[in-house]
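What the coordinates show
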Amino acid sequence: MVQNSHIERTTIRITSPHSEGSTTFDGFMTQDQLLLFGIFAVVFIFLIWGRWRYDLVAFMALLVALLLGLVPNENAFSGFGHPATVIVALVLVVSRGLVNAGAVDIITRNLVDPGRSLGAHITAMGGIGGVLSAFMNNVAALALLMPVDMQTAKKAGRGPGITLMPLAFATILGGMVTLIGTPPNIIIAQFRERSLGEPFHMFDFAPVGLVAAITGMVFVSLIGWRLLPARLRQDAGDEGNFDLSDYIVELIVPEGSGLIGKRLKDLDELADDTDIAVLGIVRGKTRLPGRGRYEKIQARDVLILEAAPDGIDQLRTSLKLEIQGENRKGMAVTGEMGLVEVVVPRDASIEGRSALSMQLLRRHGVTLLGVSRHGRRFYERVRRLPIRAGDILLLYGRADQIAETVAHLGCLPLAQRGLGVTQQQKAGLAVGVFAAAIAISSFGFIYLPVALACVAAIYVITDIVPIRELYDQVEWPVVVLLGSMIPLGEALQGTGGTALIADGILTVTSGLPAYMVVLVLMVATMTLSDVLNNTATAIVGAPIAIDMAEKLNVNPDPFLMTVAVAASCAFLTPIGHKNNTLIMGPGGYKFGDYWRMGLPLEILIIAVSVPAILFFWPL
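Residues numbered from 1 in each chain as written. Predicted model: local features only at pLDDT ≥ 70, side-chain atom pairs only at ≥ 80, totals over all residues. Heavy atoms only, no water.

1. With respect to the overall build of the protein
Within the protein, the secondary structure is distributed over 24 helices and eight strands. Within the span of the protein, comprising 619 residues, buried residues form 57% of the whole. Sequence separation of 24 or more characterises 79% of the internal contacts of the protein that already satisfy a separation of 6 or more. (Helix = DSSP H or I, 4+ residues; strand = E, 2+ residues; numbered from the N terminus. Buried < 20%, exposed > 50% of the residue type's maximum accessible area, 1.4 Å probe, protein only. Contact = heavy atoms within 4.5 Å.)

Written out as structure tokens, the structure is:
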């Protein structure tokens, strides 16, 4: 049984942070409760709808609550200085330092073997991903391992769709093992400190997290991948369901080109030789009707093509075509120019925007050359196309500009072609400093946020994380989400709203043993996490857990652990967790593919986690 000298095993009466005493109820909702429930309902609707990014939705909700007087002015921006918000930001910086120092690359290079069987490969990659995500942000862990997994799939002659989902699920599972592995754990720990006087510590999550993670990864490695759709399994022997090189691109016919006066259909033979499809032609700002095959090509026409990066370059060179903006000042084609493929995660800064609206070429000297969208064709101009999460972008530019541009866009590289040089001579320093900080904070000598801040400072001083990259590594939308939702969560608790929800759950489970109440709480939280951001789910679920434990007069820790586990386990949809969204494009998955492996995995996690929680954290 887990024991922690810093945590008292007593039930503590919760009082409102905005009042002198405990909140009491007479069976009716107050006006403040009705307004807060209404705000949260609107937030949930907008988050599920996904039209607006979650940080904007959360911040607008906070402003509404402030204007209505539901959140006191002195607490307006308290969430931005909350330890959970600070820890999440620092973990991202530390994760980048470990990558820059080459620590992760050393691990993957020595442990990944493309000659392994499919099952053995999934087991190895899942194990690496699980371990890495326990000590760094699990989104960062997946981003690091995706290129490795996809390159291995290519060498093994199978499609990436059969292995990317198991890898993504493994990184989510591994994040549950430690405090810093996933934002829900950080939120639960800091909420316990604010509500009960002492936080959960670094490895308090490990007993239950290990049980869930190991069980889940065994399932994923042995059975889960076999449940994926037949089309993915059938495509595993050839080039795969999703061809990474399938881009729609635009090339310009320059003045004096030999193509001028020829018809578009005359390019068919050369296109076939270079494995390129000619999709159409744009003249001025207008795409010519149909495919414009019988139109005579004019100077400055734009050819719309579908091709691989090497095919694009071959055709560009042979026909002396231009890439948009390559002849502008500072963009002359030199040996320093290069192509890079990046994937757009959910809530990247470019999501919902176009290259033109972000002025990539004018501000950064980088051209969006092509877009690959789940193998689908589109009819908008590439530069004007609103980018979606899961799209694969082909960027063209100078090597010294493109890395910063990728970070600015919030994208993640799939093929690392000149995006930065790892500093493997500093790998020992990076790992040693990080390990020392974790050990010192785990024994309670230094407060965890302070320890992580020291690590980040050392990384900057030693240039492991260059100062110019420091703020680019912080995922600002998550910071805004946390900073906005934490005051709202406290207001809901302070007005007694969470106690009303707890009453409702306890009414449904009336007469049932306490372990059944834990089970119902886990199912409800897990269901919510599948359609909402897991961070928002933890913020809402934590005070409900406290109120339920208080009303049952039992230890609140198992209820908090239940919310921590359930909030992290979002496997049914591509929107429940960023890792699920990240693999959607490269893996060629559809929305309905996730539940095939995700549903039995969630049931299995519930089956093993509830007994583990009650054993290690008894009521």
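2. Section: the packing of aromatic side chains
Enumeration over the complete set of coordinates arrives at seven aromatic pairs. Pairing phenylalanine 200 with phenylalanine 205 gives two aromatic rings, centres 5.5 Å apart and planes at 65 degrees, and the pair type is edge-to-face. Here phenylalanine 200 matches phenylalanine 205 in class, with each residue buried. Within the aromatic cluster, the residues linked to one another by ring pairs are Phe200, Phe205 and Trp617. (Phe/Tyr/Trp six-rings, centres within 6.5 Å; stacked < 30°, edge-to-face > 60°.)

3. With respect to the pattern of salt bridges
For the structure shown, the criterion picks out six salt bridges. A salt bridge links arginine 192 to aspartate 557, with the nearest nitrogen and oxygen atoms 2.7 Å apart. Here aspartate 557 lies in helix α22 (residues 557–568) and arginine 192 lies in helix α8 (residues 183–196), a separation of 365 residues in the sequence. In this structure arginine 192 comes out as buried when scored by relative accessible area, which is 2%. In this structure aspartate 557 comes out as buried when scored by relative accessible area, which is 0%. One continuous salt-bridge network, built from bridges that share partners, spans Arg283, Glu295 and Asp301. (Salt bridge = Lys/Arg side-chain N within 4 Å of Asp/Glu carboxyl O.)

4. A short note on helix α5 (residues 118–135)
The terminal C-alpha atoms of α5, which comprises 18 residues, lie 26 Å apart, in line with the 26 Å expected from a rise of 1.5 Å per residue. Among the residues of α5, those classed as buried are Leu118, His121, Ile122, Met125, Gly126, Ile128, Gly129, Gly130, Leu132, Ser133 and Ala134. (Expected span 1.5 Å × (residues − 1).)

5. Thoughts on the environment of isoleucine 281
For isoleucine 281, the position within the fold is in strand β2 (residues 277–283). For isoleucine 281, a relative accessible area of 0% translates into the label buried. Sequence separation of isoleucine 281 and aspartate 301 is 20 residues, and the distance between their C-alpha atoms is 6.8 Å.

6. What about the packing of α5 against helix α9 (residues 206–222)?
The contact between α5 and α9 brings their axes to 8 Å, and the two run at 155 degrees. Compared by their axis directions, α5 and α9 come out roughly antiparallel. Where α5 crosses over α9, the two elements pack in a sense that is right-handed. Contacts between α5 and α9 pair Gly119, Ile122, Thr123, Gly126 and Gly130 from the former with Met217, Val220 and Ser221 from the latter. Within the contact of α5 with α9, the residues separate by chemical class into three nonpolar, five polar and no charged. (Axes fitted to C-alpha atoms, helices over the stretch in contact; angles between N-to-C directions. Parallel < 35°, antiparallel > 145°, perpendicular 65-115°, else oblique. Left-handed = near helix turned anticlockwise from the far one by under 90°. Nonpolar A, V, L, I, M, F, W, Y, C, P; charged D, E, K, R; others polar.)

7. Overview of the nonpolar core
Grouped together as the largest cluster of nonpolar side chains are 169 residues, with contacts concentrated most on Ile180 and Tyr459. Excluding residues within four positions of it along the chain, tyrosine 459 makes contact with Val94, Gly97, Leu98, Ala430, Val431, Val433, Phe434, Ile464 and Val465. One finds Val344, Ala348, Ala355 and Val406 within the second-largest nonpolar core, a separate group that totals 26 residues. (Core = buried A, V, L, I, M, F, W, Y, C linked by side-chain atoms within 4.5 Å.)

8. Focus: a nonpolar patch on the surface
A surface patch of nonpolar side chains, amounting to about 510 Å² of accessible area, comprises Leu210, Ile214, Val218, Leu222, Ile223 and Leu227. Secondary-structure assignment places isoleucine 214 in helix α9. (Patch = residues over 30% accessible without salt bridge, like charges linked within 9 Å, V, L, I, M, F, W, Y side chains within 5 Å. Areas by Shrake-Rupley, 256 points an atom, 1.4 Å probe, with all protein chains shown as cover.)

9. Examining the confidence of the model for the protein
Chain-level statistics for the protein give a pLDDT mean of 79 and a share of 83% at 70 or above. Mean pLDDT values for the elements of the protein range from 63 in helix α10 (residues 230–234) up to 95 in α9. Note that residues 235–245 has pLDDT below 50 and, in this model, 33 contacts with residues that lie over four places away or in other chains. Here residues 415–422 is modelled with pLDDT under 50, and outside its nearest four sequence neighbours on either side it reaches 14 contacts, counting other chains as well. (pLDDT = per-residue confidence, 0-100.)

10. Remarks on the environment of arginine 346
Here arginine 346 is to be found in the loop between β5 (337–343) and α13 (360–364). Setting aside anything within four residues of it in sequence, one finds arginine 346 in contact with Leu47, Glu351, Ala389, Ile575, Lys578 and Thr581.

11. A short note on empty space enclosed by the protein
The full count for this structure, using the stated rule, is six cavities of 30 Å³ or more. Lining the largest cavity we find 18 residues, and of these Val139, Asn533, Asn534, Thr535 and Lys578 sit closest to its centre. Among the elements of the structure, α6 (138–156) and α21 (534–552) are those that each provide at least two residues to the lining of the largest cavity. Partitioning the lining of the largest cavity into residue classes produces seven nonpolar, seven polar and four charged. Space inside the second largest cavity adds up to approximately 120 Å³. (1 Å grid on protein atoms, 1.4 Å probe; cavity = no way out; pocket = protein on both sides within 12 Å on 5 of 7 lines; lining within 4 Å. Points joined across faces, edges and corners; volume = space filled by probe spheres on them.)

12. A few points about the pairing of strand β1 (residues 247–252)
With six of its six residues buried, β1 lies for the most part within the structure. Residues Tyr247, Val249 and Leu251 line one face of β1 and the alternating positions Ile248, Glu250 and Ile252 line the opposite face, and both faces are buried.

13. Regarding the environment of leucine 34
Looking at where leucine 34 falls in the secondary structure, it is placed in helix α1 (residues 31–49). Residue classification places leucine 34 among the partly exposed positions, given a relative accessible area of 48%. Measuring from C-alpha to C-alpha, the distance between leucine 34 and glycine 497 comes to 8.5 Å, with 463 residues separating the pair along the chain.

14. Overview of the pairing of strand β7 (residues 392–398)
Among the seven residues of β7, six are classified as buried, and the element is accordingly described as predominantly covered. Sheet analysis places strand β6 (residues 366–372) next to β7, joined by six bridges and oriented antiparallel. From the neighbouring strand, glycine 370 faces β7, where its bridge partner is leucine 394. (Pairing = 2+ DSSP bridges.)

15. Topic: helix α23 (residues 578–587)
In an α-helix, one turn spans 3.6 residues; hence positions three or four apart end up facing the same way. Across the ten residues of α23, ten count as buried, placing the element largely inside the fold. Buried residues of α23: Lys578, Asn579, Asn580, Thr581, Leu582, Ile583, Met584, Gly585, Pro586 and Gly587, and no others.

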